[in-house]
Amino acid sequence: MRSYPHNSPEAAARIVALVLISDGHVCRSEFDILKQLGAERELGLQPNLLAHIVHTLCEDLLAGGYETGLLIANVDDSTLASLMAEISDPDLQRKVLQLSLAAARADGHLADGETLVVEAARHHWKLAGAQEPSAATK
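As the structure is a prediction and not an experimental result, all values here were calculated from the model.

Visitor: For this particular structure, what's the right way to read the overall build of the protein?
Guide: For the protein, the count of helices and strands is 7 helices and 0 strands. Listed by position from the N terminus, the elements making up the protein come as α-α-α-α-α-α-α. Relative to its 138 residues, the protein shows a buried fraction of 46%. Look at the contacts in the protein between residues 6 or more apart in sequence, and 77% of them connect residues 24 or more apart. Just so you have it, the protein exposes about 7,000 Å², and 52% of that area is on carbon and sulfur atoms.

Right, dumping it as structure tokens:
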């Protein structure tokens, strides 16, 4: 998996991208809500770079030996912890979590993979008071 500088816009966007792909497909509604929220600006990304981050994440996961099933299956606990460790700034962590939750809920359904990544972020970043995934959208 490629590495990004610590607390960089790309490292933050990769967490959002992981949520986007974690249910096996990326919906237009997910990108639409991120655009409405100004996600690229909020994360400090250049315009139109989020789609590239999603693409490179998929490439990295495919290069890691993906054969069948969901790409998220290639992200074990150690990898997830390593990706989360790239974001240590509390404000950036909260932004990433907020944007990730908004994207995950955009299609009206919070998939298991999305919940897995969001809960990992909350756990690794110790954001216990952060907005809970809605049981109604599961």
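Visitor: Which parts of the structure should I look at to understand the packing of helix H1 (residues 9–21) against helix H7 (residues 112–124)?
Guide: To describe two helices that pack against each other, one gives the angle between their axes and the distance between the axes. Running from N to C, H1 and H7 cross one another at 155 degrees; their axes reach a closest spacing of 7 Å. Taken as axis vectors, H1 and H7 run roughly antiparallel relative to one another. Here Ile15, Leu18 and Val19 of H1 lie close against H7, whose contacting residues are Glu114, Val117 and Val118.

Visitor: What should I look at first to understand the nonpolar core in this one?
Guide: A general tendency of soluble globular proteins is for nonpolar side chains to be buried together. Core analysis: the largest hydrophobic core is formed by 40 residues, its most contacted members being Leu18, Ile21, Leu34, Leu43, Met84, Val96 and Trp125. Of all the secondary structure elements, the ones that give two or more residues to this core are H1, helix H3 (39–43), helix H4 (50–63), helix H5 (77–85), helix H6 (90–105) and H7. Considering every element that reaches this core, the biggest residue donor is H1, with 10 residues.

Visitor: So what exactly am I meant to see when it comes to the environment of Val26 here?
Guide: Looking at where Val26 falls in the secondary structure, it is placed in the loop between H1 and helix H2 (28–36). Distance in space between the C-alpha atoms of Val26 and Ala103 is 9.6 Å, their sequence separation being 77 residues. Contact partners of Val26, with chain neighbours within four places excluded, come to Leu20, Ile21 and Phe31.

Visitor: How do you make sense of the packing of H1 against H5 when you look at a structure like this?
Guide: Orientation of H1 relative to H5, taken along the N-to-C sense of each, is 140 degrees, at an axis distance of 9 Å. In this view, H1 runs oblique relative to H5, as classed from their interaxial angle. Along its contact with H1, which presents Arg14, Ile15 and Leu18, the element H5 presents Leu80, Leu83 and Met84. Here the residues of the contact of H1 with H5 sort into 5 nonpolar, no polar and 1 charged.

Visitor: Even after reading the chapter, I still don't get unusual backbone geometry, so can you show me in this structure?
Guide: Apart from glycine, the bulk of residues carry a negative phi angle, and the bulk of peptide bonds sit in the trans form. Within the chain, Asn7 stands out as a residue other than glycine whose phi angle is a positive 60 degrees. The topology assignment puts Asn7 in the segment before H1. On the accessibility criterion, Asn7 (26% relative accessible area) is partly exposed. Backbone geometry at Asn48 places phi at a positive 65 degrees, although glycine is not the residue there. Relative to the helices and strands, Asn48 is located in the loop between H3 and H4. Residue Asn48 is classed as exposed on the basis of its relative accessible area, which comes to 66%.

Visitor: Quick question: what am I supposed to make of the side chain of Glu114 here?
Guide: For Glu114, the position within the fold is in helix H7. Buried Glu114, no salt bridge; nearest opposite-charge side chain is Arg105, N-O distance 8.7 Å. Every residue in contact with Glu114, bar those within four places of it in the chain, is listed here: Val19, Ser22, Asp23, Glu30, Ala104 and His109.

Reading guide: rules and limits
Residues numbered from 1 in each chain as written. Predicted model: local features only at pLDDT ≥ 70, side-chain atom pairs only at ≥ 80, totals over all residues. Heavy atoms only, no water. Helix = DSSP H or I, 4+ residues; strand = E, 2+ residues; numbered from the N terminus. Buried < 20%, exposed > 50% of the residue type's maximum accessible area, 1.4 Å probe, protein only. Contact = heavy atoms within 4.5 Å. Areas by Shrake-Rupley, 256 points an atom, 1.4 Å probe, with all protein chains shown as cover. Axes fitted to C-alpha atoms, helices over the stretch in contact; angles between N-to-C directions. Parallel < 35°, antiparallel > 145°, perpendicular 65-115°, else oblique. Core = buried A, V, L, I, M, F, W, Y, C linked by side-chain atoms within 4.5 Å. Nonpolar A, V, L, I, M, F, W, Y, C, P; charged D, E, K, R; others polar. Lys, Arg positive; Asp, Glu negative; His and termini not counted. Salt bridge = Lys/Arg side-chain N within 4 Å of Asp/Glu carboxyl O.

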